[in-house]
Amino acid sequence: STLPFISDQLGVFAKYDIPADEILCEYSGVVKRGDYMDYAVDELYSFETYLPDGEDTLVFIVGDSICRYVNDAVHFITAVDEATGVSTIPYSAEEVEAFEESDEYEAIPTVPGYSYNAKYSRTALGKIFLVSTADIEAGEEIFFPYGR
């Protein structure tokens, strides 16, 4: 990935130019019921969704497709000053409250110089797809917000 805080990890990069509003991939994998906190570390790449059974059954798709490797470019609310070791919050309380309450992707702050170019789309059947929100050039890394 090109993100400065995870540069030793994988990211997903466009092989070709991709226009806006294209399906990039389906977030697929094993579907599990239960509490998210029950999952092992290798299952942390999961996506919360609902089964189409009319009872709003919460499940988690434990990703095994390339979607699993698309990163979030969120600018963390807290940061640690490397010189002092002190944890800081680079936002005002009002700014934090605003993006925690918003459903708009633009409200979630990204690492300076990075922006989201994809979002998730949930179908009535509970399937999850990643969709481009902007034109993505070949070689560009793909980012989507994981949520608040």
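Residues numbered from 1 in each chain as written. Predicted model: local features only at pLDDT ≥ 70, side-chain atom pairs only at ≥ 80, totals over all residues. Heavy atoms only, no water.

A few words on the overall build of the protein chain. A count of helices and strands for the protein chain gives 1 helix and 8 strands. Its helices and strands in sequence order give the protein chain the pattern β-β-β-β-β-β-α-β-β, from N to C terminus. The proportion of buried residues among the 148 residues of the protein chain is 33%. Long-range pairs, those at least 24 residues apart, make up 65% of the contacts in the protein chain with a sequence separation of at least 6. Working note: accessible area of the protein chain is about 9,400 Å², and carbon and sulfur atoms make up 52% of it. (Helix = DSSP H or I, 4+ residues; strand = E, 2+ residues; numbered from the N terminus. Buried < 20%, exposed > 50% of the residue type's maximum accessible area, 1.4 Å probe, protein only. Contact = heavy atoms within 4.5 Å. Areas by Shrake-Rupley, 256 points an atom, 1.4 Å probe, with all protein chains shown as cover.)

A few words on the environment of valine 59. By the secondary structure assignment, valine 59 is in strand S4 (residues 58-63). When its relative accessible area of 1% is taken as the criterion, valine 59 is described as buried. In this structure, valine 59 is in contact with Val31, Lys32, Arg33, Phe47, Glu48, Thr49 and Leu51, ignoring residues within four places of it in sequence.

With that settled, consider the side chain of serine 65. Looking at the secondary structure, you find serine 65 in the loop between S4 and strand S5 (79-80). Among residues more than four places away in sequence, those in contact with serine 65 are Glu26, Tyr27 and Ser28.

A separate point is the nonpolar core. Core analysis: the biggest nonpolar cluster contains 15 residues, and Tyr27, Val70, Leu130, Ile142 and Phe144 have the highest contact counts within it. Within the second largest apolar cluster, 7 residues are counted, among which are Ala73, Val74, Tyr116 and Phe143. (Core = buried A, V, L, I, M, F, W, Y, C linked by side-chain atoms within 4.5 Å.)

Attention now moves to the pairing of strand S8 (residues 128-132). Of all 5 residues in S8, 5 are buried, a share of seventy percent or more. A two-sided burial pattern is seen for S8, the buried positions comprising Ile128, Leu130 and Ser132 on one face and Phe129 and Val131 on the other. In the sheet, strand S1 (residues 23-26) pairs with S8 via 3 bridges, with the strands oriented antiparallel. Bridged to isoleucine 23 within S8 is valine 131. Here 5 bridges tie strand S7 (residues 118-122) to S8, and the two strands are oriented antiparallel to one another. Counted as the bridge partner of alanine 118 is serine 132 from S8. Counting the residues between successive antiparallel strands, the hairpin from S7 to S8 contains 5 residues, one of them, glycine 126, with a positive phi of roughly 90°. (Pairing = 2+ DSSP bridges.)

On inspection of all chains with the given rule, the structure shows 1 salt bridge. As a salt-bridge pair, glutamate 26 and lysine 127 come within 3.2 Å of each other at their nearest N and O atoms. Residue glutamate 26 is located in strand S1, and its partner lysine 127 is located in the loop between S7 and S8; the two are separated by 101 residues in the primary sequence. By relative accessible area, glutamate 26 is classed as partly exposed at 30%. Accessibility expressed as a relative area gives 38% for lysine 127, which makes it partly exposed. (Salt bridge = Lys/Arg side-chain N within 4 Å of Asp/Glu carboxyl O.)

One can find serine 1 in the segment before S1. Of the polar contacts made by the side chain of serine 1, one reaches the side chain of asparagine 71; its length is 3.4 Å. A polar contact is formed between the side chain of serine 1 and the side chain of glutamate 141, at a distance of 2.8 Å. (Polar contact = N/O pair within 3.5 Å; in protein donor to acceptor, adjacent residues only side chain to side chain.)

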